[in-house]
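# Per-entry structural report
These are the residues of each chain, in order.
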Amino acid sequence: MEKSLPNYHDLQTGIDQLLGKFGLSKTLEIIHSLASNTQLKTREDEKAKLLLVFLKAKSIEVFQLQEATFYTSVVQEYKEARMSCYYLLKKYTDSSYAIIGEHFGQSKRAILYNYHKCDEMLSIPQYYKDFVSKFSVLEDHVINFIAKLN
């Protein structure tokens, strides 16, 4: 069964679930936090480092990988997980490609290539269904983590 595009009914259902779980004041706090804090600045170095560690751990979990070979394996799932990390770090922090590369032992050029490759794969989700579904789960975790950090 194919998932349909979200609509206002889905939004209202989600808000109702948040209200039921957290109450009105906490739900408003969550919404305001998400609206104003969807990106981490690198000058907030501690938060960016926490996001990096969290992202690595969650990508290993979501893509069902072994931590010992996360940085070195050439198996497609590992490459896709690392590519997702590069993309999400660039999207949600103001880190440069070179800085992201340093964290992963990669060149600026490799990060740039993988960022655009990930963007391309996300643009045609019907062809990369498995990757897009895992990426979406990972991105949801990242957004929730950033909201909790701020």
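Residues numbered from 1 in each chain as written. Predicted model: local features only at pLDDT ≥ 70, side-chain atom pairs only at ≥ 80, totals over all residues. Heavy atoms only, no water.

### Some remarks on the environment of His116
- As for its position among the elements, His116 is in helix H6 (residues 108–123).
- His116 sits in the partly exposed class, given a relative accessible area of 44%. (Helix = DSSP H or I, 4+ residues; strand = E, 2+ residues; numbered from the N terminus. Buried < 20%, exposed > 50% of the residue type's maximum accessible area, 1.4 Å probe, protein only.)

### Points about the confidence of the model for the protein
- Summary statistics for the protein give a mean pLDDT of 85 and a share of 87% for residues scoring 70 or more.
- Considering each helix and strand of the protein separately, the mean pLDDT is smallest for helix H2 (residues 24–36), with a value of 73, and largest for H6, with 96. (pLDDT = per-residue confidence, 0-100.)

### Details of the side chain of Asn114
- As for its placement among the helices and strands, Asn114 is situated in helix H6.
- Separated by 2.8 Å, the side chain of Asn114 and the backbone oxygen of Ala110 make a polar contact.
- In contact with Asn114, not counting residues within four places along its chain, are Met83 and Tyr86. (Polar contact = N/O pair within 3.5 Å; in protein donor to acceptor, adjacent residues only side chain to side chain. Contact = heavy atoms within 4.5 Å.)

### Here's the deal with a nonpolar patch on the surface
- The grouping of Leu19, Leu24 and Leu28 at the surface amounts to a nonpolar patch, some 260 Å² of accessible area in total.
- Owing to a relative accessible area of 57%, Leu24 belongs among the exposed residues under this scheme. (Patch = residues over 30% accessible without salt bridge, like charges linked within 9 Å, V, L, I, M, F, W, Y side chains within 5 Å. Areas by Shrake-Rupley, 256 points an atom, 1.4 Å probe, with all protein chains shown as cover. Salt bridge = Lys/Arg side-chain N within 4 Å of Asp/Glu carboxyl O.)

### Description of H6
- A rise of 1.5 Å per residue sets the reference length of H6, with its 16 residues, at 22 Å; its end C-alpha atoms lie 23 Å apart and thus fit the reference within 8%.
- For H6, the full list of buried residues reads Ala110, Ile111, Asn114, Tyr115, Cys118 and Met121. Projected down its long axis, H6 carries its buried residues within an arc of 135 degrees, all on one side. Set apart from the buried face of H6 by more than 90 degrees, the exposed residues are Lys108, Arg109, Tyr113 and Ser123.
- Buried positions along H6 lie against helix H4 (76–92), helix H5 (97–104) and helix H7 (129–149). (Expected span 1.5 Å × (residues − 1). Arc of directions from axis to C-beta.)

### Regarding the packing of aromatic side chains
- What the rule picks out here adds up to ten aromatic pairs.
- Ring centres of Phe70 and Tyr71 lie 5.3 Å apart, and the angle between their planes is 80 degrees; this geometry places the pair in the edge-to-face category.
- Since its relative accessible area comes to 37%, Tyr71 is described here as partly exposed.
- With a centroid separation of 5.8 Å and 70 degrees between ring planes, the pair formed by Tyr97 and Tyr115 is classed as edge-to-face. Here Tyr97 is found in helix H5, whereas its partner Tyr115 is found in helix H6, with 18 residues between them in sequence.
- Taking NZ or CZ as reference, Lys90 lies 4.5 Å from the ring centre of Tyr97, over its face. (Phe/Tyr/Trp six-rings, centres within 6.5 Å; stacked < 30°, edge-to-face > 60°. Lys NZ or Arg CZ within 6 Å of the ring centre and 35° of its normal.)

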